[in-house]
Amino acid sequence: MSEKPIILYAAPTGNGAKVPIFLEELKAAYGTPDYDLKIIDLKSKEQKQPWFIEVSPNGTIPALTDRSRGNFNVFETGAILLYLAHNYDKEGKFSFNEQTEEKEHNEMLQWMFFVHSFVVPMNSQVMFWTYFAEQENPVARERYVSEVKRLYGVLDTRLKDRDYLVGPGRGKYTLLDVSTWCTVNVYGRAQIAANLDEWPALKAWHTTIAARTPVQAALKAVKW
Ligand SMILES: N[C@@H](CCC(=O)N[C@@H](CS)C(=O)NCC(=O)O)C(=O)O
């Protein structure tokens, strides 16, 4: 039996679920690429071991090695999703063609930079002040919770007249929705909100994506 083309390093976290979901979506749509999933044990700091730093220089998951392309290593979620789209989403089922759909592609990047540079780091700070800080700091925690809620508002406004974040008409389900969905999906775990009722369009979008079979399959695979 031949080796699977990709080794994916992940964990059951908001960022850790993104690439498994995208790979499951690609597999459901195209039948490829198949992948070996290696769960990295964040508690024992496996992500900081030298062998893993070779793959992911900042010692963070997710990361992947593409055996089928000369053992090419990719780290950083956004770069991984774009890499997979470029090489494996040949019909643009979850992405846009950079040449022929330049504006849609750029819009997708705009929202992706927004999510990855605002929402994700704020989420991480909420998780830190909720679970990992040695001393409680309600002021710090509240500052990050209120910022995440404000950012949910930005996403909610964007989704008011559309089903997905980018694309013509009501939008198209893309890798951006995959990444953003995982980021929003930690709202309960991070104790940001009990539910998404305050953001109805965001809630409807979240519910639709949660029901997708590849999303469920990936969450099960990473033991979410
Ligand atoms: N900017 C990175 C963030 C990745 C990240 O923060 N991963 C967390 C898990 S959600 C991690 O590996 N934490 C372990 C550590 O920082 O040591 C990305 O988008 O991939």
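Residues numbered from 1 in each chain as written. Predicted model: local features only at pLDDT ≥ 70, side-chain atom pairs only at ≥ 80, totals over all residues. Heavy atoms only, no water.

## Observations regarding the overall build of the protein chain
Counted only if it meets this: Under the DSSP-based scheme used, a helix requires at least four consecutive residues in state H or I and a strand at least two consecutive residues in state E, with every element numbered from the N terminus. In this description the radius of gyration comes from C-alpha coordinates, and the expected globular size is given by 2.2 Å times residues to the power 0.38. When a residue's accessible area, from a 1.4 Å probe over protein chains only, is under 20% of the maximum for its type it is buried; when over 50% it is exposed; and in between it is partly exposed. We call two residues in contact when some of their heavy atoms are within 4.5 Å. Surface exposure here means Shrake-Rupley accessible area, sampled with a 1.4 Å probe, where a residue is shielded only by the protein chains that are shown.
Summing up its helical and strand segments, the protein chain has 8 helices and 4 strands in all. For 224 residues, the compact-globule formula gives about 17 Å, and the C-alpha radius of gyration of the protein chain, at 17 Å, lands near that figure. Projected onto its principal axes, the C-alpha positions of the protein chain cover 55 × 45 × 30 Å. In the protein chain, buried positions account for 47% of the 224 residues. A separation of at least 24 residues holds for 65% of the contacts in the protein chain among residues at least 6 apart in sequence. Carbon and sulfur atoms form 52% of the exposed surface of the protein chain, whose accessible area is close to 11,300 Å².

## Section: the layout of surface pockets
Empty space among the atoms becomes visible once a probe the size of a water molecule is rolled across them. Selection rule: Both site types are read off a 1 Å grid over the protein atoms alone. A 1.4 Å probe that fits but cannot get out defines a cavity, while an open set with protein on both sides within 12 Å along at least five of seven lines defines a pocket; lining residues have an atom within 4 Å of a point. Grid points are joined across faces, edges and corners, and a volume is the space filled by probe spheres set on the points. Think of it as three bins: nonpolar holds Ala, Val, Leu, Ile, Met, Phe, Trp, Tyr, Cys and Pro, charged holds Asp, Glu, Lys and Arg, and polar takes everything else, Gly as well.
The volume enclosed by the largest pocket comes to roughly 1,400 Å³. Elements that contribute at least two residues to the lining of the largest pocket include exactly α3 (77–88) and α4 (102–132). Among the elements that make up the lining of the largest pocket, the one with the highest residue count is α4 (12 residues). Per-class residue counts for the lining of the largest pocket are 17 nonpolar, 14 polar and 7 charged. Taken together, 15 residues make up the lining of the second largest pocket; nearest its centre are Ala 85, His 86, Phe 96, Asn 97 and Glu 98.

## Points about the site of the ligand
Stated precisely, the cut-off is as follows: Only heavy atoms are used to decide nearness, and a residue is near a molecule or strand if one of them lies within 4 Å of it. Polar contact is defined as a pair of N or O atoms within 3.5 Å, subject to the rule that within protein one atom must be able to donate a hydrogen and the other to accept it, and that residues adjacent in sequence are counted only when both atoms are side-chain atoms.
Lining the immediate surroundings of the ligand are Thr 13, Asn 15, Gln 47, Lys 48, Gly 59, Thr 60, Ile 61, Pro 62, Glu 76 and Thr 77. Here Ile 61 contributes a backbone N or O atom positioned 2.9 Å from a nitrogen atom of the ligand. Between the ligand and Glu 76, the relevant distance is 2.9 Å, taken from a nitrogen atom to a side-chain nitrogen or oxygen of the residue. In isolation the ligand offers 510 Å² of accessible surface; the protein chains occlude 72% of this area. Residues belonging to the shell around the ligand are distributed by class as follows: 2 nonpolar, 6 polar and 2 charged.

## Some thoughts on the domain arrangement of the protein chain
Bring the parts together and some accessible area is lost; that lost area is often taken as the interface size. So the rule is basically this: What marks off one domain from the next here is an automatic or database domain assignment. As a working definition, buried area equals the accessible area (1.4 Å probe) given up by two parts on being put together, with both sides summed. When a carboxyl oxygen of Asp or Glu is within 4 Å of a side-chain nitrogen of Lys or Arg, the pair counts as a salt bridge.
By domain assignment, the protein chain separates into domain 1 (6–95 + 214–221) and domain 2 (102–212). Between the C-alpha centres of domain 1 and domain 2 the distance comes to 20 Å. With 22 residues of domain 1 in contact, the opposing surface of domain 2 contributes 19 residues. Interface area, domain 1 with domain 2, both sides summed: about 1,600 Å², of which 66% is carbon and sulfur. Sorting the residues of domain 1 by area buried against domain 2 places Lys 18, Leu 82 and Phe 94 first, and these three jointly supply 30% of that buried surface. There are 1 salt bridge connecting domain 1 and domain 2.

## Regarding the sheet that holds strand β2 (residues 35–39)
For clarity, the cut-off: Any two strands between which DSSP finds at least two bridges are classified as paired. With axes taken as lines fitted to C-alpha atoms, and helix axes fitted only over the stretch in contact, angles between N-to-C directions fall between 0 and 180 degrees.
Spatially, 4 strands are ordered β2-β1-β3-β4 in an open sheet, and the strand pairing comes out mixed. Two strands lie at the open edges of the sheet, namely β2 and β4 (72–75), each paired on one side alone. Adjacent strand axes in the sheet meet at a mean angle of 15 degrees, parallel and antiparallel pairs treated alike. Of the pairings in the sheet, the one linking strand β3 (residues 63–66) to β4 comprises 4 bridges and is antiparallel in character. Note that in β4 the partner of Ala 63 across the bridge is Phe 75. Lying on the sheet, helix α1 (residues 18–30) is in contact with β1 (6–10) and β2; it crosses β1 at an angle near 145 degrees.

## Side note on the pattern of salt bridges
Note on pairing: side chains with opposite charge can pair once their charged atoms come close. Considering all chains together, one arrives at 12 salt bridges under this definition. Glu 147 serves as the salt-bridge partner of Arg 150, at 2.8 Å between the closest nitrogen and oxygen. Residue Arg 150 and its partner Glu 147 are both found in helix α5 (residues 138–159); the two are separated by 3 residues, about one turn of the helix.

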